Amino acid sequence: MTPSEFVTKWSTPPASLLNEEQGAQSYFLDLCALLDVPPPGTIDGYRFEEKATMIGARTGFADVFYPNHFVWENKKPDGNLDEALKQLLMYSHSLNNPPLLVVCDRKRIQIHSRFTGHPSGKFLFTLEDMDSPVLRSILRRVWTDVEHFRPHETCRDITERAANTFAIIAEGMRKRGCVADEVAHFLTQCVFCFFAESIGILPTPVFVQLLRNRYIDSKNLRKGLHNLFATMHDGGMFGAEEIPWFNGGLFRVVNVPELTIMEITELRHAAAMNWSAIDASILGTLFERGLDPAKRSQLGAHYTDPATIQRITDPVLTRPLHQKWELAMQEIRAFTAQSKKKNDKHYKAARVVFTDWLEHLKAFRLLDPACGSGNFLFMGLKALKDLELQTHLDAVTLGLDREADLVTGPHNVLGIEINEYAAELARITVWIGELQWRLEHKFPFKLHPVLAPLDLIDQRDALLAINPQTGEVTEATWPKADIVMSNPPFIGGSKKRRELGDAYFDALDTVFTHRVPGGADLVCYWFERAQTQIAAGLLRAAGLVSTQAIRAGSNRVVLDTIGKNHRVFEAWSNNEWVNEGAGVRISITCFGQHEFTTDTRLNGESVSCIHTDLTDGMLVDLTQSQRLAVNAHAIFEGTKKYGQFDIAGNLAREWLKLPNVGGKSNALVLKPWRNGRDLATHPSDKWIIDFGTHISEHEAQLFEAPYAHILANVKPERSRINLLKNWWLHERPRPELRKALSGLPRYLATTRVAKHRIFVFLHPSILPDTRLNVVARADDVTFGVLSSRIHAVWSLAQGSIHGCGTPTYNAKSCFETFPFPENFTPADTAHQRVEEIDGVLIPAGLEGAIEIRRKTAVTPVDIAQAAPKTIAYNIAKAAHHLNELRENWLNPPEWTHQVPEIVPHGMTESPYPDRILPKPDLDEFALTNLQERTLTHLYNYRPPWLKYLHEQLDIAVAHAYGWHDYTPEMPDNTILARLLQLNIYSLDQHHG
């Protein structure tokens, strides 16, 4: 069929007079022939009259359905294509939402694109267009290339562009003196007006016309916008246009600032955007960053993907409600199967079940007690409405009549948010999300009022309440709800006092005493509040986001309480997230009443139960382990300086040559410094100014050059955060660490956050940074036990995960819970004296451990057959050999040499260790190779010699436990199970 034949046939009788049913299939077949595309029936699933569930009838039939391409609805000539599109929208939900919806009356073909995450598009072809080869080619792509119709710009792109535009306006207005919260409120009103006008609720183009009127000055524009906003609050006439009653509180306060030409121009640019396609899931987050001056710098940063938030909405909201609906459907199905006609007693009984279900949904409440700008509220509301729509479809399939509308809406969500910008944006996010959902699913807008009041999104503190009359601080109340879904603020336990202030920190500690440890992360208070709400019957379940530290240390106290009283039914132990624009690794914990849901899933997999450290219930339950008294007072964090106390090594050596007015050497306050990077790679030759723990400022002034440096570099920085008390001392100088290291010839250190758990010895003159954990022991036995696989397996299982998945060594959970072999505990090695035997250091006084067979070679066979009295020696020898060869690899004698450190002014010898430097005549190849030799690279590569040495050490340590069946193939779970038994046994022995 030629184009002219096709146009002639379908534009003239008799074909043009055929009704919808008579002409639909023959027209479509002719069109396929014209476009040279396959007709229905030639491809699997591609057919006429596809049966589909729809709202309004038990089933409907889509005229043509091509999976993953289109669904097509025909009408008679001059038929109502808008009604046809509405019908397709009802079909498409049960047809897996094909990307194209096509409506046709044989004179017109309208293609509506509906790609997920993209604005909808509309393409029109007329019968006369069939004569055009170009237009026919485009139409043919409905069958051959549906991606052609995907819009280039995503809804996210549009939202980001809009947020950037409004951020520019907000910043300019604030710079010229406008009050920040008034700016934010006005621009939020503008955002909603753009959206309302784009979807037709606000008559077009009332708002945009005001902005685009080039003959109106700023003063009159301000007056016009003020009148429009005031009219939108109550409804009424604005000029010749009738404005609906918007209400909702958004236009309760109208305070329009006078705009500059630049600001008016930016608003005109914004008017050209497709505001109907704004992405409500990220709208609040992006606009909060743009409108809140404190968050402006985060505007271009990443944000949490809605698909990630579904890891909470699915287990806490969707799946439990769907399980409840499944039970209701069984009842409805049983009644409708017995029903003979509409409105008989069985049909009425089925209607009662469905009505009760709808009442349950209507009364359902979702609370976010740290709702930010509302993305959790939006995602929860969307999930709830999607679920209700599906139940309407299911009910129709079961034989019930159509419901006119949905019962779920903004009234289902509650929020608490302390930030004024965020609270207002949360409301507009929910409103826009609700209106978009109704538009997308072709439900009429509610107009009396348009915006449901959202006074239940409270702007207040979610944790503490202050009585304005008495000043008394009490625990803040939360409203009763079915579920909590929230992403509370991430503030680590060590940062709470600094970021929250002394008064707030102390109030938290007082109000939540005995419930949340003072050192716990801030998020733990939300966990505790949720679990007390559940215990009080005011909540059924909660899904909360936290850092992965929730599983260990002080934080775990709160999870343990939850585990005793409730059930963790879903968790993601190591998940990607975005917080304040930065990528982090977090844990997601969903918990609640034991009967809340039948599912239990960990990291997406079904499990029998979940331990409170968010591990599989089939694995060893390490939450039973506790800190051991014999391990106390042995491990410490390095000093936390907070300020530019660190200096380059060359500068330190210059200062060490200087005399001081008080006669004391600068060596007393200058020390080599090591942080985590120094241990993992190469020492950076950083030194640190360290005035100890208690000297006065006057005494510090007597060390002239060091004091002058901190006066210029530390004091101003401390002043900015009001940290001036003892400003010349490190923020946390760790007196207990210094006391423990006093008199030791060396000490052990490990990087707190590291891929590999590696312990190294440091010279006593070296001051460790806070990112190091320090074990105050000098002996090779302790070094050997801590360097063994047995300790590594325990520390990895007990530690948390930092950042993008790097294990963290927590002193309390990894070290203090670890059951050392008998006779080798930190309590046994607490004295400072060590004995050197055959070059290795063994703690003096170990019972039965220092009778050494000095002349016996230590081979694998010897180790396997060693008598108990040689255990300490065997561990020490294997550990010493490991350390010796490791140092030889890091600093080969052929390429390096030792350079004595400077002798400070007034001293006869240097108190510092020799420096290891490349030999002066080293060639480029050797120098490059030497630079690449780091502990991280060594353990990434793990050469055979290193693997062998560790295996021998592991065997020696295993024998100290009496594990003569140990091999390198022993499963980690077996090691953990044995260590847990020892931990529990040690506790029992101690309590006994």
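Every residue gets a number counted from 1 within its own chain, in the order that chain's sequence is written. Given that the model is predicted, a residue must reach a pLDDT of at least 70 before its local features are reported, and side-chain atom pairs must reach 80 or more before they are shown or counted; all residues, however, enter totals for whole chains, interfaces and linings. Just so you know, side-chain values use all the structure's heavy atoms and leave hydrogens and water out.

## Some points on the overall build of the protein chain
Logical step 1: Every helix listed is a DSSP run of H or I at least four residues long, and every strand listed is a run of E at least two residues long, numbered separately from the N terminus. If you tally the helices and strands in the protein chain, you get 33 helices and 33 strands.
Logical step 2: In terms of principal-axis extent, the alpha carbons of the protein chain reach across some 115 × 70 × 70 Å.
Logical step 3: Note on classification: 1.4 Å probe, protein chains only; a residue is buried when its accessible area is under 20% of the maximum for its type, exposed when over 50%, partly exposed between these limits. Here the protein chain holds 992 residues, and 54% of them are scored as buried.
Logical step 4: The criterion used for residue contact is that any of the two residues' heavy atoms lie within 4.5 Å. Sequence-distant contacts in the protein chain: of pairs separated by 6 or more residues, those separated by 24 or more amount to 69%.
Logical step 5: Working note: accessible area of the protein chain is about 43,500 Å², and carbon and sulfur atoms make up 52% of it. A 1.4 Å probe and the Shrake-Rupley method give the accessible areas. Residues count as covered only by the protein chains that appear here.

## What about the pattern of salt bridges?
Logical step 1: By definition here, a salt bridge exists when the distance from a side-chain nitrogen of Lys or Arg to a carboxyl oxygen of Asp or Glu is within 4 Å. Following the criterion strictly, the structure yields 41 salt bridges and no others.
Logical step 2: Lys641 is the partner of Asp646 in a salt bridge, and the nearest nitrogen-oxygen pair spans 3.2 Å. Comparing Asp646 with Lys641 shows no difference in burial state: the two are buried.
Logical step 3: Put simply, Asp685 and Arg653 hold a salt bridge, and the shortest N to O gap is 2.8 Å.

## Overview of helix α4 (residues 133-144)
Logical step 1: To estimate how far a helix should extend, the number of its residues minus one is multiplied by 1.5 Å. Here α4 contains 12 residues, and its C-alpha end-to-end distance of 16 Å stays within 8% of the 16 Å for a straight helix at 1.5 Å per residue.
Logical step 2: Taken together, the buried positions of α4 are Arg136, Leu139, Val142 and Trp143. Viewed along the axis of α4, the buried residues span an arc of 100°, placing them on a single side of the element. Pointing more than 90 degrees away from the buried face of α4 are the exposed residues Pro133 and Val134. The directions from the helix axis to the C-beta atoms form the arc being described.

## As for helix α10 (residues 280-291)
Logical step 1: Between the first and last C-alpha of α10 there are 16 Å, a value that for 12 residues agrees with the 16 Å anticipated at 1.5 Å per step.
Logical step 2: For α10, the tally of buried residues reaches 12 of 12 residues, placing the bulk of the element in the interior.
Logical step 3: On its buried face, α10 sits against α5 (155-175), α6 (180-198), α11 (306-338), α13 (375-397) and α14 (420-440).

## What to know about the confidence of the model for the protein chain
Logical step 1: Mean pLDDT for the protein chain: 89, with 94% of residues reaching 70 or above.
Logical step 2: What pLDDT expresses is the predictor's confidence in each residue, scored from 0 to 100. Considering only residues more than four positions removed or in separate chains, one finds that residues 860-868, a stretch of pLDDT under 50, has 15 contacts.

## Comments concerning the packing of α6 against helix α8 (residues 218-234)
Logical step 1: For the pair α6 and α8, the least separation of the axes is 12 Å and the interaxial angle reads 70°. Relative to α8, α6 is oriented roughly perpendicular. Considering how the two elements wind past one another, α6 and α8 form a crossing that is left-handed. Contact residues: α6 offers Phe186, Gln189, Cys190, Phe192 and Cys193, while α8 offers Leu225, Phe229 and Met232.
Logical step 2: Each residue is assigned to one class: nonpolar for Ala, Val, Leu, Ile, Met, Phe, Trp, Tyr, Cys and Pro, charged for Asp, Glu, Lys and Arg, and polar for all the others, Gly among them. Grouping the constituent residues of the contact of α6 with α8 by class yields 7 nonpolar, 1 polar and no charged. Between N-to-C directions, angles cover 0 to 180 degrees, with each direction set by a line fitted to C-alpha atoms, over the stretch in contact for helices. Should an angle fall under 35 degrees it is taken as roughly parallel, and over 145 as roughly antiparallel, whereas 65 to 115 is taken as roughly perpendicular and any remaining angle as oblique. Whether a crossing is left-handed or right-handed is set by the direction in which the near helix is turned from the far one by less than a right angle, anticlockwise for left-handed and clockwise for right-handed.

## What about the sheet that holds strand β27 (residues 772-775)?
Within a beta sheet, neighbouring strands are joined by backbone hydrogen bonds and run either parallel or antiparallel to one another.
Logical step 1: In this description, strands pair whenever DSSP reports at least two bridges between them. Ordered by their spatial adjacency, 4 strands build an open sheet running β20-β27-β24-β25, and the pairing between neighbours is antiparallel. The open sheet has two free edges, formed respectively by β20 (635-637) and β25 (760-762), since each of these has just one partner strand. Pairwise comparison of adjacent strand axes, ignoring direction, gives a mean angle of 35° for this sheet.

## Focus on unusual backbone geometry
Both trends apply: most residues other than glycine have a negative phi, and most peptide bonds are in trans.
Logical step 1: Look at the link from Pro13 to Pro14: it is a cis peptide, with omega at 5°.
Logical step 2: Inspection of the secondary structure assignment puts Pro14 in the loop between α1 (3-11) and α2 (20-35).
Logical step 3: The omega torsion across His448 and Pro449 is 0°, close enough to zero to call that bond cis.
Logical step 4: By secondary structure assignment, the location of Pro449 is in the loop between α14 and β11 (457-459).
Logical step 5: Of note in the backbone geometry, Asn343 takes a positive phi value of approximately 70° without being a glycine.

## A look at the packing of aromatic side chains
Logical step 1: Between rings of Phe, Tyr and Trp, where Trp is taken as its six-membered ring, a pair exists when centres lie within 6.5 Å; planes separated by under 30 degrees are stacked, by over 60 edge-to-face, and by other angles tilted. All chains considered together, the criterion is met by 41 aromatic pairs.
Logical step 2: A ring pair is formed by Trp10 and Tyr27, whose centres lie 5.3 Å apart and whose planes are at 85°; its orientation type is edge-to-face. With Trp10 in helix α1 and Tyr27 in helix α2, this pair connects stretches of sequence that are 17 residues apart. Considered together, Trp10 and Tyr27 belong to a single accessibility category, that of buried residues.
Logical step 3: Aromatic rings pair up to connect Phe166, Phe186, Phe192, Phe194, Phe195, Phe207, Phe229, Phe246, Phe251, Trp275 and Phe287 into one cluster.
Logical step 4: One cation-aromatic arrangement involves Lys385 over Trp437; the distance from NZ or CZ to the ring centre is 5.0 Å.
Logical step 5: Sitting above the plane of the Phe761 ring, Arg746 keeps its charged end 3.4 Å from the centroid. Here, over-ring charges are defined by two tests on the NZ atom of lysine or the CZ atom of arginine: distance to the ring centre within 6 Å, and angle to the ring normal within 35 degrees.

## Things to note about the sheet that holds strand β22 (residues 670-674)
Logical step 1: With respect to topology, 4 strands assemble into an open sheet ordered β21-β23-β22-β26, the strand pairing being mixed. Of all strands in the sheet, those bounded by a partner on one side alone are β21 (646-648) and β26 (767-768).
Logical step 2: Contacting β21, β22 and β23 (686-689), helix α19 (residues 649-656) runs over the sheet at an angle of about 90° to β21.
Logical step 3: Sitting on the sheet, helix α22 (residues 704-713) touches β21, β22 and β23, and the angle it makes with β23 is about 90°.

## Focus: the pairing of strand β16 (residues 567-579)
Logical step 1: Of all 13 residues that make up β16, 11 are buried, and the element is covered over most of its length.
Logical step 2: Alignment of β16 against strand β18 (residues 601-602), held across 2 bridges, turns out to be parallel. Pairing of Ala571 across the sheet is with Leu602, part of β18.

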